[in-house]
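# Structural characterization, general
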Protein chains: 2
Amino acid sequence: MDNKTRLKPELLGGFRDYLPVAMIARQEMVLKIRETCESFGFLPLETPGLERSSVLGTDKDEFKMQVYRFRAGDQDVTLRFDLTVPLSRVVSANPELIKPFKRYQFGSVWRKESPQAGRYREFAQFDADIVGSDSIIADTEIIVLMFKTLKNLGIDNFVIRFNDRKILNGLPAYASFDQGKTDQVLRTLDKLDKIGQDGVVNELKSKSHNELGEDGLALTERSISKIVDFLNLKGSTQELIGELKKLFCGVSVSEEGIGECEKIIENLEYLSIPRENWRLDLSIARGLGYYTGPVFETTLTDCPEIGSVFSGGRFDDLITRFTGEKIPSVGASVGVDRLLAALEKMGTIEKKVSTAKVLITVIDQSLSPKIMRLAQNFRAAGINTEIYLGKEKGLKGQIIYAAKREIPFVVIIGEEEDRVGKLKLKSMVERKEDLLLEKDAAKIILNS
Amino acid sequence: MDNKTRLKPELLGGFRDYLPVAMIARQEMVLKIRETCESFGFLPLETPGLERSSVLGTDKDEFKMQVYRFRAGDQDVTLRFDLTVPLSRVVSANPELIKPFKRYQFGSVWRKESPQAGRYREFAQFDADIVGSDSIIADTEIIVLMFKTLKNLGIDNFVIRFNDRKILNGLPAYASFDQGKTDQVLRTLDKLDKIGQDGVVNELKSKSHNELGEDGLALTERSISKIVDFLNLKGSTQELIGELKKLFCGVSVSEEGIGECEKIIENLEYLSIPRENWRLDLSIARGLGYYTGPVFETTLTDCPEIGSVFSGGRFDDLITRFTGEKIPSVGASVGVDRLLAALEKMGTIEKKVSTAKVLITVIDQSLSPKIMRLAQNFRAAGINTEIYLGKEKGLKGQIIYAAKREIPFVVIIGEEEDRVGKLKLKSMVERKEDLLLEKDAAKIILNS
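### Concerning the overall build of chain A
Check the secondary structure of chain A and you find 17 helices and 16 strands. Within chain A, contacts between residues separated by at least 24 positions form 65% of all contacts whose residues are at least 6 apart in sequence.

### Re the relation of the copies chain A and chain B
At an RMSD of 0.0 Å, chain A and chain B line up after a rotation of 180 degrees and a shift of 0.0 Å along the axis. Those values place the two copies in the arrangement expected of a two-fold rotation axis. The C-alpha atom lying nearest the rotation axis in chain A is that of Phe70(A); the distance is 3.3 Å. Of the interface residues in chain A, 99% have counterparts in chain B that sit at the interface too, so the contact is made through matching surfaces.

### Concerning the confidence of the model for chain A
Across chain A, the average pLDDT comes to 93, with 98% of residues at or above 70. Predicted as a complex, the structure gets a pTM of 0.93 and an ipTM equal to 0.93.

### Here's the deal with the sheet that holds strand 15 (residues 423-427) of chain A
Residues and elements named next belong to chain A. Across the sheet, which stays open at both edges, the five strands sit in the order 13-12-14-15-16 with mixed pairing between neighbours. Lying at the two open borders of the sheet, with one neighbouring strand each, are strand 13 (385-387) and strand 16 (432-436). Neighbour to neighbour, the strand axes of the sheet diverge by 25 degrees on average, direction disregarded. Pairing of strand 12 (residues 358-360) with strand 13, which is carried by three bridges, proceeds in the parallel orientation. Looking across to strand 13, one finds that Ile360 is bridged to Ile387.

### A look at the pairing of strand 11 (residues 329-335) of chain B
Residue and element names in this part refer to chain B. In terms of burial, strand 11 is a largely internal element, seven of the seven residues being buried. Along strand 11, one buried face is formed by Ser329, Gly331, Ser333 and Gly335 and the opposite face, lined by Val330, Ala332 and Val334, is buried too. Relative to strand 11, strand 6 (residues 122-131) runs antiparallel, the two sharing seven bridges. Each bridged residue has a counterpart across the sheet, and for Ile130 the counterpart in strand 11 is Val330.

### Examining the nonpolar core
Of all hydrophobic cores here, the largest spans 249 residues; its most connected members are Ile143(A), Met146(A), Val411(A), Ile143(B), Met146(B) and Val411(B). Those residues in contact with Val411(B) that lie beyond four places of it in its chain are Val358(B), Ile360(B), Thr361(B), Leu423(B), Lys424(B), Leu425(B) and Ala441(B).

### A look at the sheet that holds strand 15 (residues 423-427) of chain B
Strand pairing in a sheet relies on backbone hydrogen bonds. The paired strands run either parallel or antiparallel. Residue and element names in this part refer to chain B. The strand order across the open sheet formed by five strands is 13-12-14-15-16, and the pairing between neighbours is mixed. Edge positions in the sheet fall to strand 13 (385-387) and strand 16 (432-436), since each of these pairs with one other strand and no more. The sheet shows a mean angle of 25 degrees between the axes of neighbouring strands, taken without regard to direction. Bridge count between strand 15 and strand 16: five bridges; the pairing is antiparallel. By the bridge assignment, Leu425 is partnered in strand 16 with Asp434.

### Description of helix 4 (residues 136-152) of chain A
Residues and elements named next belong to chain A. Over its 17 residues, helix 4 runs 24 Å from end to end, which matches the ideal 24 Å to within 8%, given 1.5 Å per residue. Within helix 4, 14 of the 17 residues are buried, which leaves the element mostly enclosed by the surrounding structure. Two residues or fewer after helix 4 comes Gly154, characterised by a positive phi angle close to 80 degrees.

### Considerations on the domain arrangement of chain A
All names here are of chain A. For chain A, the domain assignment lists domain 1 (10-47 + 83-167 + 275-350), domain 2 (171-250) and domain 3 (358-447). For domain 1 versus domain 2, the distance between C-alpha centres works out to 26 Å. Taken together, the contacts link eight residues of domain 1 with 13 residues of domain 2. Counted by class, the side of domain 1 that touches domain 2 contains four nonpolar, three polar and one charged residues.

### Let's talk about the environment of Val309(A)
All names here are of chain A. Relative to the elements of secondary structure, Val309 occurs in the loop between strand 9 (294-300) and strand 10 (310-314). Sequence spacing of Val309 and Phe15 is 294 residues, and the spatial spacing of their C-alpha atoms is 19 Å. Setting aside residues up to four positions removed in sequence, Val309 forms contacts with Thr298, Leu300, Val334, Gly335, Arg338, Leu339 and Ala342.

### Points about the environment of Gly259(A)
Residues and elements named next belong to chain A. Its location among the elements puts Gly259 in helix 11 (residues 252-270). According to the C-beta neighbour criterion, Gly259 is partly exposed, with 16 such atoms within 10 Å. Through-space distance from the C-alpha of Gly259 to that of Leu83 is 29 Å; in sequence the pair is 176 residues apart.

### Brief notes about helix 13 (residues 336-346) of chain B
Residue and element names in this part refer to chain B. Of all the eleven residues making up helix 13, eight are buried; the element is thus mostly covered by neighbouring parts of the structure. Considered for burial, the residues of helix 13 that qualify are Val336, Asp337, Arg338, Leu339, Leu340, Ala341, Ala342 and Leu343. Those residues of helix 13 hidden inside the fold are in contact with helix 1 (20-39), strand 6, strand 9 (294-300) and strand 11. Trailing helix 13 by a residue or two, Gly347 shows a phi angle of about 70 degrees, which is positive.

### Some remarks on the environment of Leu233(A)
All names here are of chain A. Mapped onto the elements, Leu233 comes out in the loop between helix 9 (221-231) and helix 10 (237-247). Exposure remark for Leu233: the 17 C-beta atoms within 10 Å place this residue in the partly exposed category. As for Leu233 and Glu243, which are separated by ten residues in sequence, their C-alpha atoms are 7.3 Å apart.

### Considerations on unusual backbone geometry
Here Lys99(A) and Pro100(A) are connected by a cis peptide whose omega angle stands at -5 degrees. Relative to the helices and strands, Pro100(A) resides in the loop between helix 3 (84-93) and strand 5 (101-110). In the Ramachandran plot, Ser272(B) falls in the positive-phi region, its phi being about 55 degrees despite a non-glycine side chain. With respect to the helices and strands, the residue Ser272(B) is situated in the loop between helix 11 (252-270) and strand 8 (278-280).

### Describing the pairing of strand 3 (residues 69-72) of chain A
Residue and element names in this part refer to chain A. One ladder, built from four bridges, connects strand 3 with strand 4 (residues 75-79); its direction is antiparallel. Within strand 4, the residue paired with Phe70 across the bridge is Val77. Taken together, strand 3 and the strand that follows it, strand 4, pair antiparallel across an intervening segment of two residues, in which Gly73 is found at a positive phi of about 60 degrees.

### Topic: the packing of helix 1 of chain B against helix 4 (residues 136-152) of chain B
Residue and element names in this part refer to chain B. The interhelical angle for the contact between helix 1 and helix 4, taken along N-to-C directions, is 140 degrees, at an axis separation of 9 Å. By the angle between their directions, the pair helix 1 and helix 4 is classed as oblique. The way helix 1 lies across helix 4 gives a crossing that is right-handed. Where helix 1 approaches helix 4, its residues Lys32, Ile33, Thr36 and Cys37 are matched on the opposing element by Leu145, Lys148, Thr149 and Asn152.

### Some details on the packing of helix 4 of chain A against helix 11 of chain A
Residues and elements named next belong to chain A. Where helix 4 meets helix 11, the closest approach of the two axes is 10 Å, and the angle between their N-to-C directions is 55 degrees. Judged on the interaxial angle alone, helix 11 and helix 4 are oblique. Two packed elements cross with a definite hand, and for helix 4 against helix 11 that hand is right-handed. Contact residues: helix 4 offers Ile136, Asp139, Thr140 and Ile143, while helix 11 offers Glu260, Lys263, Ile264, Asn267 and Leu268. Its residues placed into classes, the contact of helix 4 with helix 11 shows four nonpolar, two polar and three charged.

Cut-offs used in this document
- Residues numbered from 1 in each chain as written.
- Chains lettered and ligands numbered in written order.
- Predicted model: local features only at pLDDT ≥ 70, side-chain atom pairs only at ≥ 80, totals over all residues.
- Helix = DSSP H or I, 4+ residues; strand = E, 2+ residues; numbered from the N terminus.
- Contact = placed C-beta atoms within 7 Å.
- Least-squares fit on C-alpha atoms with pLDDT ≥ 70 in both.
- pLDDT = per-residue confidence, 0-100.
- Pairing = 2+ DSSP bridges.
- Axes fitted to C-alpha atoms, helices over the stretch in contact; angles between N-to-C directions.
- Buried ≥ 20, exposed ≤ 12 C-beta atoms within 10 Å, placed from the backbone.
- Core = buried A, V, L, I, M, F, W, Y, C linked by C-beta atoms within 7 Å.
- Expected span 1.5 Å × (residues − 1).
- Domains from an automatic or database assignment.
- Nonpolar A, V, L, I, M, F, W, Y, C, P; charged D, E, K, R; others polar.
- Parallel < 35°, antiparallel > 145°, perpendicular 65-115°, else oblique.
- Left-handed = near helix turned anticlockwise from the far one by under 90°.

Following this line, the structure appears as structure tokens:
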């Protein structure tokens, strides 16, 4: 085959593979998240990657996110961009599901954003949501789940920052601007971490179109100054709550939100969730329009630049799109790939290269049935066993293979070992060899 | 919201959700397959759902499978239709991967076929492949892996049927037809299970276009009669091998294939893989063009109508498309959804409805911090614990919830229990209640 006819083995731009070392770590991470969710009684769910655009809402002009939308036959379809909208479809389509319905889901989502460092167009999320509960215990449980999940992943330095959309929904009344501008103002506040207070003020003031083509907010000096007062509230949690109560006195929607935050704080304190791991943060708004109550974000203290790794909130109206009735819900989503990238960057992840604990070499092909039987016995004893299947005919090459794969033991059976009914067990770590009976070798490998 | 503006929560036709009961079973199945693969030393890999059409080969006119292909910006993309072609891309793009490269991968694939009972347009596969080995041990290991996987899933009644494409590649020489017709003849033989011998003969004879628009095969009476002789070979494995040797005497490619089968048979017998679980079956051809050596299919004896649940073969040339060099490979793929459907149909699967072992009721809202702390303690002790978060205010309604969810224990804490520092533990199975200290309740739940 000449070069012209050869295909380039190229990935699409913005997409990635998980090669084994990264994938072993990712699988362990996902399993731990899953176990944590199950310890709270969440149940697994799986939905398709492809959905009707009408169901996802991507057929609407006002849909701002870039997605993979196309025609398949006579249907307008989109690759899912999150796991929450599909959940709302499932709940609506299956009214027999007992509520509250606590479900977790792990899967890929697709967004056609311009790729940046650490951001991909296909990435995995792990979501946990409680559907059909308006209890503040549910909101607290989601925060406790976030805390427990990260602890179980061996992460200690993180802050779960929360706020309440109801407090923010009082901003128009408090700062005297048009109610219709609320969503756009909140999206601007959400950028505080990225663009700083000056950047936020500029956007609030701006009269020109933004990057989404919306009119500039053009808030008055007075409105902006009141918003800045709000953003600059500082102090302990107790002090913050006190200040908020003064600021939003008489704005009933905000008062309701402040009350919810107080209860969450009371619960977290009672549960002794360490103070360094959570904080009321008034700048958290969460860009997505569907949140209606408490909202959550999580920053890794040692890797803040990666952004929030675990986010969510209460969405009481999302399911109403289908059912017409309100089904109050709250949940959060781990950015699995982003979290993994952060842990890799911080060097927190133990690199595991191999699944096999022993490699059986094949020097004398005539012994291959015996070698396969030995592998069969080892596996039955619970030892992950690989038989050497490559091109190297000699022992040296096969041992180098085991070393590269970081397989801790090598078994050698040649004519001589076979004759005396034993095998040679080489420990790659201790660099020693012993002539042993099969069962004694198995014991050593199992106990290592 | 009126009916007009309400959205229909509809899935796309040919797509499905996995609701919790099915999903719990599916996850357990996938974990067992994964553990079996790891016991052979296979390593995990993950690739994107979306690939360049040129990489998947779906941009070619001769590509016959219906797939989801579309334009994304200036790129021609396709949702992957299997996990083998992406594997070949990964191996080509990452020459540093140590070979042999034994990888497993679990994931969705998409095919735009007309949906039938038990067949979906998005379905999950679990693949295991050995890349970079031409050893017959590798082929044997794949069959042993298939055997072990099904046994570990609790399935006893199955037959792994195998054949060798090299034997079949000798058919033009043996039955005197044009070499160029081989692929089409093999695809016809592959339908033997479905259309019977008469159907096969008709297709071999036919002069009209087939459903793919190809010219009819129009084989001569003599060619067809020789193929029928071949298909009708019967007898024990030893007798079959003997007959094959006579039939294909002098057809060197077939002789090579017969030799490979002999070795596989010898290995399986030496490893005491039960005779009822495997069989040399000359009608197995595997539709896909890329197989070059041994090919495998697996039928469930108690549910043959569902077709093959675990299939594969040797594909020595697939990676050549990218690299120009031959990288001999062999592997197999579990149709996870199809296998699960079969087990459900056969009633082999134990239905698990819940992940929680205990439900803590919430009757007195003022006790909710204490209830959350109790949940925290139970979870720390390894007990999956759910707090009741729904609308039912009374005990009866909350116990009915636990019963519906099949949660085996219910904890009740009211004012009185709280005063004496105890809790009421209700066993839903034994239908009895005890007033206990927290730690004693935890013990009972853990030991149940």
